[in-house]
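What follows is the residue order along each chain.
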Amino acid sequence: AQSVAQPEDQVNVAEGNPLTVKCTYSVSGNPYLFWYVQYPNRGLQFLLKYITGDNLVKGSYGFEAEFNKSQTSFHLKKPSALVSDSALYFCAVRRQTGANNLFFGTGTRLTVIP
Amino acid sequence: NAGVTQTPKFRILKIGQSMTLQCTQDMNHNYMYWYRQDPGMGLKLIYYSVGAGITDKGEVPNGYNVSRSTTEDFPLRLELAAPSQTSVYFCASSMDRDYTEAFFGQGTRLTVV
């Protein structure tokens, strides 16, 4: 079975500081990993994904994520947070083969404090 | 603007009523999905389609039906609404099964009373 854990419901960070939003996963076989962002009253927007290759994935809006197979983690990072980064962030995983659905975490609300 | 369009944005249904949530995309994506998002939870897949005429169940299909007569449209049907179906529904589309260039709609907030 596949699952995703986002251990922090809420992350607060000062503007200009680096931010990290944590994600760990469980999946049989090799994973596809995704990060999505959701702004109020909007659908999810794709940030980045890991399929294969370089463990460091760069995505939209200056975000990046590092795939760590030994720790089964895919933490989202940004070197310098902006107030406009405040939103709800979802990590998702799916197997490379088999069922087509993404398994989502419960989300982490990021608040960037001016 | 290209993307996924859902209608309506909000709806209140009485128990036992039926309705159809509309979803259309203009990116010529073969793959389309319906997810539901319950409060404090991640999204769960209801149904998906890999192309016109082909649909399949996701993780939580009970109480729903779908059809895919065209590439653009993927409506979700609730036949007998129940309070457990109160949720926010998201339609999505992608180029392939890897969710390449996946787009999500703005969501439909459904309340069943």
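The coordinates are above.
The sections below set out a description of the structure shown in this document. Every chain's residues receive numbers from 1 upward, in the order its sequence appears when written. All chains are assigned letters beginning at A, and all ligands numbers beginning at 1, according to the order in which they are written. Totals for whole chains, interfaces and linings use all residues, but because this is a predicted model, local features are given only for residues with pLDDT of at least 70 and pairs of side-chain atoms are given and counted only at 80 or more. Water and hydrogen atoms were dropped before computing side-chain values, which therefore reflect all heavy atoms in the structure.

Considering the interface of chain B and chain A
Then comes step 1: The criterion used for residue contact is that any of the two residues' heavy atoms lie within 4.5 Å. Counting from both sides, the interface comprises 20 residues of chain B and, opposite them, 23 residues of chain A.
Then comes step 2: Carbon and sulfur atoms supply 50% of the area buried between chain B and chain A, which totals about 1,700 Å² over both sides.
Then comes step 3: Put simply, a salt bridge is a Lys or Arg side-chain nitrogen that is within 4 Å of an Asp or Glu carboxyl oxygen. The interface formed by chain B and chain A includes zero salt bridges.
Then comes step 4: Under the rule applied, a polar contact is a pair of N or O atoms within 3.5 Å (in protein, one hydrogen donor and one hydrogen acceptor; residues adjacent in sequence only if both atoms are side-chain atoms). For the pair chain B and chain A, the interface holds two residue pairs in polar contact (both at pLDDT 80 or more).
Then comes step 5: Think of it this way: any DSSP run of H or I at least four residues long counts as a helix, any run of E at least two long counts as a strand, and we number them from the N terminus. Those elements that provide at least two residues to the side of chain B that touches chain A are β4 (31-37) and β5 (43-51) of chain B.
Then comes step 6: A total of four residues in the side of chain B that touches chain A trace back to one element, the largest contributor, which is β4 of chain B.
Then comes step 7: Residue polarity is assigned by list, with Asp, Glu, Lys and Arg as charged and Ala, Val, Leu, Ile, Met, Phe, Trp, Tyr, Cys and Pro as nonpolar; anything else, Gly included, falls into the polar class. Looking at the side of chain B that touches chain A residue by residue, the classes come out as eleven nonpolar, six polar and three charged. Buried area is understood as the total, over both parts, of accessible area removed when two parts are fitted together, assessed with a 1.4 Å probe.

Comments concerning the state of the cysteines
Then comes step 1: For the purposes of this analysis, a disulfide is any pair of cysteine sulfur atoms at a distance within 2.5 Å. According to the stated counting rule, one finds two disulfides over all chains in the structure shown.
Then comes step 2: Across the disulfide from Cys23 of chain A sits Cys91 of chain A; the S-S distance is 2.0 Å. Its S-S torsion of about -65° marks the bond between Cys23 of chain A and Cys91 of chain A as left-handed, since a negative value means left-handed. With Cys23 of chain A in the loop between β3 (19-21) and β4 (24-26) and Cys91 of chain A in strand β10 (residues 87-95), this residue pair connects regions lying 68 residues apart in the sequence. We note that Cys23 of chain A, like Cys91 of chain A, is buried.
Then comes step 3: Bridging Cys23 of chain B to Cys91 of chain B, the disulfide has an S-S length of 1.8 Å. Negative torsions about the S-S bond denote left-handed disulfides, and the value of about -75° found for Cys23 of chain B with Cys91 of chain B makes this one left-handed. Of this pair, Cys23 of chain B sits in strand β3 (residues 19-25) while Cys91 of chain B sits in strand β9 (residues 87-94), and the two are 68 residues apart along the sequence. The two residues Cys23 of chain B and Cys91 of chain B agree in class, both being buried. The rule is simple: take the accessible area with a 1.4 Å probe, protein chains only, and divide by the maximum for that residue type; under 20% is buried, over 50% is exposed, in between is partly exposed.

Brief notes about the side chain of Gln6 of chain A
Then comes step 1: Mapped onto the secondary structure, Gln6 of chain A falls in the loop between β1 (3-5) and β2 (10-14).
Then comes step 2: Once residues lying within four places of it in the same chain are set aside, the contact partners of Gln6 of chain A are Val21, Lys22, Trp35, Tyr89, Phe90, Cys91, Gly105, Thr106, Gly107 and Thr108 of chain A.

Details of the pattern of salt bridges
Then comes step 1: Tallied over the full model, the rule gives four salt bridges over all chains.
Then comes step 2: Here Glu79 of chain B makes a salt bridge to Arg77 of chain B, at a shortest N to O gap of 3.3 Å.

Concerning the sheet that holds strand β7 (residues 64-66) of chain B
Remark on secondary structure: sheet strands pair via backbone hydrogen bonds, oriented parallel or antiparallel.
All names here are of chain B.
Then comes step 1: Two strands qualify as a pair provided that DSSP identifies no fewer than 2 bridges between them. If you walk across this open sheet you meet the four strands as β1-β3-β8-β7, and the pairing is antiparallel. Two strands in the sheet have a free side with no partner beyond their single neighbour: β1 (4-7) and β7. For this sheet, the mean angle separating the axes of adjacent strands, direction not counted, is 20°.
Then comes step 2: Pairing of β7 with strand β8 (residues 76-78), which is carried by three bridges, proceeds in the antiparallel orientation. When the bridges of β8 are listed, Val66 appears paired with Leu76. Angular values range over 0 to 180 degrees, each being the angle between N-to-C directions of two axes fitted as lines to C-alpha atoms, with helices fitted over their stretch in contact.

Comments concerning unusual backbone geometry
Then comes step 1: Geometrically, the link from Thr7 of chain B to Pro8 of chain B is a cis peptide bond, its omega value of -10° lying close to zero.
Then comes step 2: Following the sequence through the fold, Pro8 of chain B ends up in the loop between β1 and β2 (10-13).
Then comes step 3: Residue Tyr61 of chain A is not a glycine yet carries a positive backbone phi of 60°.
Then comes step 4: Inspection of the secondary structure puts Tyr61 of chain A in the loop between β7 (56-58) and β8 (64-68).

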